[in-house]
Amino acid sequence: MYTKTSKKKKVKKYSLQTVFWTNTWLKLHHLTDCAFCGDVMVNTLRATFTGSRVRRGTGSNGACHCSSALAGHDGSRVFPLLFFFSHPLHKEEALRVCDRAAAFRAQPASPERGRSRATMDVDQEAAGHPESRRVPETEAVEEDVFQEEAASCSVSPLHPETLEFPDTPTLCSPKEMLERRLVLLKGLVETEEVYLRELEALLMPMKVLRASAGTSQPALSCQQVRAVFYQVPEIRDMHQSFYSALKARLAEPPSPGEAAEVNFTGFDLMVGDLFLRMVNQIGLYGGFIGNYEEAVDVVRKCTHADPRFRTLAESMMSGNGANQTRTKYTLEALLYKPLDRVTKTTLMLHDLLKTTPEGHGDYASLQEALRLSRSFLSGVNERSQSKREVMLRHGARRRLMRDGFVVDAGEGERRLHHLFLYTDLLLCTRNKQATRGKQDQYRFCWYLPLAGLKLRWVADQELSPDARLRLHAIRTKMHLLRQQLQQHANGSRGLSAAARSRKKVEQMELMLLTHSPVYKLELHSPSGKSHTLLLSSLYELEEWRELIEKLTEDNIETVPPDLLTLTGACVKLRMTQQPPLHSTRAAEDHKSLCGTLSVAVHSACGLQRPASAYVCLEVDGYGFYDKQAKTHSSVQSRNPLWDQELCLQVDGAQDLRVICVGRSDSEDESVLGKASVKLDPTTLSKRCSRRTVHLGQVEVTLSLKYRPHPIEPPSATAPQSPVFCVPIEALAEKEGVLVPHVVRCCVEEVERRGMDEVGLYRVSGDSSDIGGLKNAFNGDLRDAVARMRRADVHVVSGVLKLFFRELPEPLMPTEMFQSLARALDIQDMDLRLVSMLSVLQSCPQPNRHTFLYLLRHLQRVSERQDVNRMSLMNLATVFGPSLLRTPSVVGHGLLGPTMNISQEVAVQVQVVFCYLQCNNLPEARTSLPHDADAEETTRL
């Protein structure tokens, strides 16, 4: 029989891992009361450490009569324990404990003996072990628990295929299960409180050591302080949040009436989300475990070398709660506490799941939390075999797929960070530029596993007025520095002045890179963690999104990374050395564009389904001006049409990126295709070069025109391009079309959602809304179309009527009025139409095609007259006075003394009515014809 040794006698000290976990297993299975469980546990431990087979026999009673819900009957629940016994030294100690436990099991049971002597002795040894760590020089140095497993070990204790928990006997009723569950949760709150006090005790000297690191005689250097306390504050914060939330849930008062009884048994108590949230952050332990060996090594070396640190490391105190007592620890013993806790979490989740009925609302959450926890332990086991390369669950190894600089919008501030995309996770770091002769360093910011990661991007974010003013100030300063740089290159001044100017330009570019991004990429993980990234290029955002989504589809497991090792390897693994600054490409300026690049976006085809689409153009180069331009959104179509010319002021541009974005029905916007076109100043000229660019399955037709000239200083406001009150020929020439965009956009919008409106074009819209939409068209076409999509359809029709009414010259030139009036006197209807079409043919091209385009639209409106009550005559009455005016209105003289105002209106209405009655009107062209010989094709 084992007896307690005297205090004077030298006590054999077992490792903390062995003593604690064996003690936990003894108490967990009530070995003093159940012979079957005790025999199975002892046999399992002995068989594991000696390589023999586990004997599946029964205990002295022949069967298990243990009523505890924690009892396991095949010994496989000891596998998490075996993880800490994988080293041969631990195996020997564990076998000695097994021998003592087996000897004790052979003794006859006594009802009066109470708690077993063996259990109490092991408890005392476990409690005394931290004291033993106070004299490290008299004790053999304990080897790290995370070294490679011995080759003779035939079991991989944390491998996914071997880590299988046995089924626990179900309690008699759901009520008893829930009562046991409530007891487990209350006990968990108590252990969490103790653990938090231990973490606080561990962190207590951190501030002192960090402050002394800056003195002339530091106890630890700054690097050593980081190594010792790596990830401990984050782990403390995680458990503090979990503890506070769990304690609050348990303290919630029961519901009145019958619900009070249900709540008493814990049926209404929901805690699964808390466990899932905590387990999704368990990756913090991965960094701690990976750093544990270094932390212990620093503590041991400094304990031997510095008496001041030895005094601190051997006298750590932790309070014991309400009883005001304090427990003394060593720093090394406290560093082991997180290792102990992370494995306890898996055991605790398993026990809690077994006491939760399957119909309970927490069952699915606890099941998922247990899966993630077991996956984490599996990952720890994998890293213990290979710390450099991580084998993922599905067989692939973690590799760096892409990296680059993005703006992190966390905590309401914009920060330029370096983002690394691996095969199973996203790692965000902060680059610390090294001084001369040293290597760059990366600081960990956050990481998200790709398994279950959800992405959402917002196409365009409007900048605030303050942000616009800031960007204008930065661009103006950049422009001045750019001019100084060119003067230094052409002048006789030294290289130092040019270097200073280039350095300032780089700083301005960095500021512009931080404050100009408007595209938002939101990342949402299943754990509830979210991060927002900002990018200035839609093309780059789509590249990130495509690759992340592709990797996310292949990731079904989360293997927590060794954050310290992974962050430290960023310097060697990175593919992007510096932020994308154009000032570093000054040597290639002779190959770039400087001037005005005009791109006419005509149409697209190849869409899989009808969508409201637009085209976004991006250029590189200095950011003096906006590097992007977008067409307006088309109506729902498989073959969208824009015929819109976009002008970009460029300086140093070498590439043009074309992105087609569409939205179908109520879905979010998505990129339909993208491509990059190389800009060569030798091939581009003032003449339009029409080409077809293949963006995957989508084909976009556009024309390029380049006019080189010196760049002017950037303007604070965008140049205004009025649309209303402008002669239609001048407006069409400026837009490079035959039918102005305002006419096409209004007609398309009316046909999209207003053809069944009663009184269409007869009912007036709100005058203030019409004025606002008019001002929008006078400003930016894209914004005007976006606003028009939300406007009332009568407001849209009112804007179209207002456009024709405010033309300085009517759509049908005034000199045509007399010819059209005489054509009305022709009695034969066919001859009348021939005469009127002949008059129309003599009109200028923009007038003729715009008139034909409008007539076709009005004919389609009248086809729905049984619903909208707008016949051809009604439409002619509305539009006649706006489209045709008498010469007297514009000072060309009177038609004759016999024509009064009513007669003039009658002529206007009759002319438009006759045109609307014509069934063979010529087709209207909306864009200028192109030269087919000059067309090129770009496939990407």
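Calculation criteria
Residues numbered from 1 in each chain as written. Predicted model: local features only at pLDDT ≥ 70, side-chain atom pairs only at ≥ 80, totals over all residues. Heavy atoms only, no water. Helix = DSSP H or I, 4+ residues; strand = E, 2+ residues; numbered from the N terminus. Buried < 20%, exposed > 50% of the residue type's maximum accessible area, 1.4 Å probe, protein only. Contact = heavy atoms within 4.5 Å. Areas by Shrake-Rupley, 256 points an atom, 1.4 Å probe, with all protein chains shown as cover. Pairing = 2+ DSSP bridges. Axes fitted to C-alpha atoms, helices over the stretch in contact; angles between N-to-C directions. Phe/Tyr/Trp six-rings, centres within 6.5 Å; stacked < 30°, edge-to-face > 60°. Core = buried A, V, L, I, M, F, W, Y, C linked by side-chain atoms within 4.5 Å. Parallel < 35°, antiparallel > 145°, perpendicular 65-115°, else oblique. Left-handed = near helix turned anticlockwise from the far one by under 90°. Nonpolar A, V, L, I, M, F, W, Y, C, P; charged D, E, K, R; others polar. Disulfide = S-S within 2.5 Å. Patch = residues over 30% accessible without salt bridge, like charges linked within 9 Å, V, L, I, M, F, W, Y side chains within 5 Å. Salt bridge = Lys/Arg side-chain N within 4 Å of Asp/Glu carboxyl O. Lys, Arg positive; Asp, Glu negative; His and termini not counted. Charge placed at Lys NZ, Arg CZ, Asp CG, Glu CD. Polar contact = N/O pair within 3.5 Å; in protein donor to acceptor, adjacent residues only side chain to side chain. pLDDT = per-residue confidence, 0-100.

A. Spatial organisation of the overall build of the protein chain. Across its full length, the protein chain carries 31 helices and 18 strands. Looking at the protein chain as a whole, 52% of its 940 residues qualify as buried. If you take every contact in the protein chain between residues at least 6 apart in sequence, the share linking residues at least 24 apart comes to 75%. Surface exposure of the protein chain reaches about 44,200 Å², of which carbon and sulfur atoms provide 51%.

B. Here's a closer look at unusual backbone geometry. The residue Asp643 is not glycine, and still its phi comes out positive at about 50°. Here Asp643 shows up in strand S13 (residues 641-653). Of note in the backbone geometry, Arg869 takes a positive phi value of approximately 60° without being a glycine. Along the chain, Arg869 falls in the loop between helix H29 (865-868) and helix H30 (872-883). Of the residues examined, Arg869 reaches a relative accessible area of 48% and is grouped as partly exposed.

C. Structural context of the sheet that holds strand S11 (residues 612-619). Within the open sheet, the 4 strands sit side by side as S12-S11-S14-S15. Their pairing is antiparallel. The open sheet terminates on both sides in strands that have one partner only, identified here as strand S12 (628-630) and strand S15 (670-678). Averaged over all pairs of adjacent strands, the angle between strand axes in this sheet comes to 20°, irrespective of strand direction. Bridge analysis of S11 against strand S14 (residues 655-663) gives 8 bridges, and the strand direction is antiparallel. In the sheet register, Val619 faces S14, and the bridge partner there is Leu656.

D. Spotlight on the environment of Leu448. As for its placement among the helices and strands, Leu448 is situated in strand S6 (residues 441-449). With relative accessibility at 0%, the residue Leu448 sits in the buried group. Separated by 83 residues in the primary sequence, Leu448 and His531 place their C-alpha atoms 8.9 Å from one another.

E. Region of interest: the packing of aromatic side chains. Under the criterion given, the structure shown has 7 aromatic pairs. Geometrically, the ring pair formed by Phe724 and Phe803 is edge-to-face, given 5.8 Å between the ring centres and 85° between the ring planes. Placement of the pair is Phe724 in the loop between strand S17 (698-708) and helix H21 (728-735) and Phe803 in helix H25 (residues 793-805), with a sequence separation of 79 residues. For Phe724, a relative accessible area of 4% corresponds to the buried category. Note on Phe803: relative accessible area 1%, which makes it buried. Taking 5.2 Å as the distance between ring centres and 85° as the angle between the ring planes, the aromatic pair formed by Phe851 and Tyr915 counts as edge-to-face. Highlighted residues: Phe851 in helix H28 (residues 845-862) and Tyr915 in helix H31 (residues 901-917), separated in sequence by 64 residues.

F. Spotlight on the side chain of Gln859. The topology assignment puts Gln859 in helix H28. Filtering out sequence-adjacent residues up to four positions away, Gln859 remains in contact with Leu872, Tyr915, Leu916, Cys918 and Leu921.

G. Here's a closer look at the pairing of strand S5 (residues 425-432). Buried residues dominate S5, accounting for 6 of its 8 residues. Pairing geometry for strand S4 (residues 415-422) and S5, over 4 bridges, is antiparallel. Residue pairing in the sheet places His418 in a bridge with Thr429 of S5. Connecting S4 to the next strand, S5, in antiparallel fashion are 2 residues. One ladder, built from 8 bridges, connects S5 with S6; its direction is antiparallel.

H. Expanded view of the nonpolar core. Judged by nonpolar contacts, the single largest core of 69 residues is most densely connected at Val743, Tyr761, Phe777, Phe803, Phe804, Leu820 and Tyr915. Among the nonpolar cores identified, the runner-up in size contains 62 residues, and Phe229, Leu274, Leu349 and Leu372 belong to it.

I. Representation of the sheet that holds strand S7 (residues 454-458) within the structure. Here 7 strands make up an open sheet; going across it, the order is S6-S5-S4-S3-S9-S8-S7 and the pairing antiparallel. Edge positions in the open sheet fall to S6 and S7, since each of these has one partner strand only. This sheet shows a mean twist of 35° between the axes of neighbouring strands, independent of strand direction. Bridging between strand S3 (residues 400-408) and strand S9 (residues 530-535) involves 2 bridges; their strand directions are antiparallel. Bridging across to S9, Asp408 finds its partner in Leu533.

J. Expanded view of the packing of H25 against H30. The contact between H25 and H30 brings their axes to 8 Å, and the two run at 30°. The orientation of H25 relative to H30 falls into the category roughly parallel. Handedness of the H25/H30 crossing: left-handed. Side by side, H25 and H30 meet where Lys801, Phe804 and Arg805 of the first sit next to Val878, Phe879, Ser882 and Leu883 of the second. For the contact of H25 with H30, the residue count by class is 4 nonpolar, 1 polar and 2 charged.

K. Representation of the packing of helix H6 (residues 174-203) against helix H14 (residues 331-354). Direction vectors running N to C along H6 and H14 enclose 165°, while the axes themselves pass 11 Å from each other. In terms of axis orientation, H6 runs roughly antiparallel to H14. Crossing angle aside, the handedness with which H6 passes H14 is left-handed. Together, Met177, Arg181, Leu184, Leu185, Leu188, Thr191, Glu192, Tyr195, Glu198, Leu199, Ala201 and Leu202 of H6 and Leu331, Leu334, Leu335, Lys337, Pro338, Arg341, Met348, Asp351, Leu352 and Lys354 of H14 make up the contact between the two elements. In the contact of H6 with H14, the residues fall into 14 nonpolar, 1 polar and 7 charged.

L. Local environment of the state of the cysteines. Summed over the entire model, instances satisfying the criterion amount to 0 disulfides. Of all cysteine sulfurs in the structure, the one in Cys918 sits closest to Cys914, which takes part in no disulfide; the separation is 9.9 Å.

M. Summary view of a positive patch on the surface. A cluster of like positive charges, contributed by Lys207, Arg210, Arg226, Arg430 and Lys432, occupies part of the molecular surface. By relative accessible area, which is 40% here, Lys432 ends up partly exposed.

N. Spotlight on the side chain of Ser703. Looking at the element boundaries, Ser703 is found in strand S17. When its relative accessible area of 5% is taken as the criterion, Ser703 is described as buried. A distance of 2.7 Å separates polar atoms of two side chains, one belonging to Ser703 and the other to His602. Once you skip the residues sitting within four places of it in the chain, Ser703 turns out to touch Ser598, Val599, Ala600, His602, Cys688, Ser689 and Arg690.

O. Molecular detail of the confidence of the model for the protein chain. Across the protein chain, the average pLDDT comes to 75, with 71% of residues at 70 or higher. Ignoring residues within four places in sequence, the model shows residues 48-91, a span with pLDDT below 50, making 126 contacts including any to other chains.

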